[in-house]
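For reference, the chains in residue letters:
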Amino acid sequence: MSVKFRSKEAFSSTSYTLLPFRFTKIDEDQYFLSTDYGEWLCLDSYTLKTLLAKERIVDEQIYFQLKARHFISTDTTNTQIDLLASKYKTKKSFLENFSQLHIFVLTVRCNNSCVYCQASRKSCQSDHIYYDMSEEVLDKSIDLFLSMPSSKLTLEFQGGESTLTMPLIKKAVQQVKEKNTDKDIQFVVCTNLCELSDEDLDFMIAHNFSISTSLDGPEELHNHNRKFGRIGAYVPLVDNLNKIKNKGAFNQVSALMTTTRQSLDLHKEIIDEYVRQGFRSIFIRELNPYGFAQKYFHKIGYDSASFLSFYEQSLDYIIELNKQGTIFRESYAALILKKLITPWATGFVDLQSPCGSGFGVTLYNYDGNIYPSDESRMMAETGDQYFRMGNILENTREELFFGSVMQRIAAAGVNDSLPVCSDCAFSPYCGADPVRRYQVTGSIYGRPGKDEFCVKNKSIIQMVIKKLVGADPQTREILLQWGAK
Ligand code: SF4
Ligand code: SF4
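Residues numbered from 1 in each chain as written. Chains lettered and ligands numbered in written order. Predicted model: local features only at pLDDT ≥ 70, side-chain atom pairs only at ≥ 80, totals over all residues.

Scanning the protein for helices and strands turns up 21 helices and 20 strands. The C-alpha radius of gyration of the protein comes to 24 Å, within 12% of the 23 Å expected for a compact globule of 485 residues. Overall, the C-alpha framework of the protein stretches about 85 × 50 × 50 Å when taken along its three principal axes. When burial is assessed residue by residue, the protein has 40% of its 485 residues classed as buried. Considering only intrachain contacts with a sequence separation of at least 6, the fraction spanning at least 24 residues in the protein is 69%. (Helix = DSSP H or I, 4+ residues; strand = E, 2+ residues; numbered from the N terminus. Rg over C-alpha atoms; globule rule 2.2 N^0.38 Å. Buried ≥ 20, exposed ≤ 12 C-beta atoms within 10 Å, placed from the backbone. Contact = placed C-beta atoms within 7 Å.)

As summarised here, the arrangement of the nine strands in space is β16-β14-β12-β11-β10-β6-β18-β19-β20, forming an open sheet in which the pairing is mixed. The sheet terminates laterally at β16 (284-285) and β20 (390-391), the two strands that pair on one side only. Bridge count for strand β12 (residues 210-214) against strand β14 (residues 253-258) is four bridges, and the pairing is parallel. Among the inter-strand pairings, S212 is bridged to a residue of β14, identified as S254. The sheet contacts of helix α16 (residues 374-381) involve β6 (101-105), β18 (361-364) and β19 (369-371), and relative to β19 the element is tilted by about 130 degrees. (Pairing = 2+ DSSP bridges. Axes fitted to C-alpha atoms, helices over the stretch in contact; angles between N-to-C directions.)

As defined by bridge partners, strand β2 (residues 22-27) adjoins strand β3 (residues 30-34) across five bridges and the pair is classed as antiparallel. In the strand pairing of β3, D27 is matched with Q30. Counting the residues between successive antiparallel strands, the hairpin from β2 to β3 contains two residues, one of them, D29, with a positive phi of roughly 60 degrees. Of the pairings in the sheet, the one linking β3 to strand β4 (residues 40-43) comprises four bridges and is antiparallel in character. If you follow L33 over to β4, its bridge partner there is L41. Counted along the chain from β3 to the antiparallel partner β4, the turn is five residues long, and its residue G38 has a positive phi close to 90 degrees.

Our next topic: the sheet that holds β2. Read across the sheet, three strands follow the order β2-β3-β4 without closing on themselves; strand pairing throughout is antiparallel. Two strands bound the open sheet, and with one partner strand each, they are β2 and β4. Strand-to-strand twist in this sheet, taken as the mean axis angle between neighbours without regard to direction, amounts to 25 degrees. With respect to the sheet, helix α2 (residues 45-52) is in contact with β2, β3 and β4, its orientation differing from that of β4 by roughly 115 degrees.

Moving on: the packing of helix α15 (residues 331-341) against helix α21 (residues 473-484). At a minimum axis distance of 7 Å, the contact between α15 and α21 shows a crossing angle of 85 degrees. For the element pair α15 / α21, the angle class is roughly perpendicular. Every residue of α21 that contacts α15 at A333, A334, L337, K338, L340 and I341 is listed here: L479, L480, W482, G483 and A484. Here the contact of α15 with α21 is composed, by residue class, of nine nonpolar, one polar and one charged. (Parallel < 35°, antiparallel > 145°, perpendicular 65-115°, else oblique. Nonpolar A, V, L, I, M, F, W, Y, C, P; charged D, E, K, R; others polar.)

Have a look at this one:
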């Protein structure tokens, strides 16, 4: 019996339709192409020109990749359109349940005094009547929180130092457990871990809290950035980390690192400190331009280029550590990799479009004011109430979530409708951030293509893509593992 194969030309056909995609040059003779659903490919200029002219793609492997990743089609049927719609829906699945992260700022009093404090902290001794959340505001906030449509919610306690108000945290947990009938609720506490009693730690561990703390690097650097009385914040932090380890709950702890000018020459020391403390990842964050970080920028700040160089050195060092057998990852790069190599949404609100502010996050301030993000309340603390959605004691849920602030954010928080972003090949992996853009440029629309939000994201996304594409097999394997988690 003879088998008839279709001719080679039937595969490397000229009769294809271009599907929507964007492209940008990322290297000498290398272009990055991406679709709305996050699929991507790198092509040389000759092949890109051939593709754009809809001429025959001779390289069969590339032709099939273009077809499989939906850059071209030979049959634009309803089935294919349904498939693409389903992919798009999966990428935007974070929108399905509206705001899932609810941040309760229980106090702005704090026992630390950090050089970059963005929360406009007040001293521990300040009058808690003025700076702690009242029980009335807490009760109403919990009712609003539990009325959210999502079946999965996160309640994050923040400050100041949130654990200065342990009775409020305990009351909130008790109320949520009493009133909640069916929702899956995760508690998070943001704490500098400087002054926690065993009893408080046991409470958090028993209620399966995620404990989010800060570690800026080795002792000298951490103490330079974060002051706790006369001794610096490092020793009490490490003491409490050890206590948590001894209680077998270290897997509930994660740490954030904030980069100051003093960090820029210390990437190895910072990462080594994380490894020494037993962490499996680091989130390298630049300074946020709020609060003290803005006021003391002349002492601790730096330009975007310095941060990007520090970030790349850190990334390369972490990859090297992995090659030597230490399993460790950089969380921001891992989020971008997840967007690049999986069909899923990440749930990371800083890199979302529509933006995380308001749509993914709701912040309940100690004074009852409601904001769409932590950054917008930080701005409010310094006198700018542009993003105040209303007050829990005065406004209904509809007034809060459909009011003028959310309308403004909706208009500026979608990449597809922003100039430059709508044509940007990195858009599926980037986000929109009207709050930060307003803070830095004075406009919620910012200056996409030029503002620092764009410069940082574009540079890091491109850096990650180039490392992945140009990697040796071992590096590639490491990066793929980061993205697959
Ligand atoms: S950054 Fe956090 S821990 Fe440091 S002073 Fe501000 S509120 Fe306190
Ligand atoms: S902010 Fe910049 S990198 Fe991000 S989508 Fe917009 S243009 Fe692209």
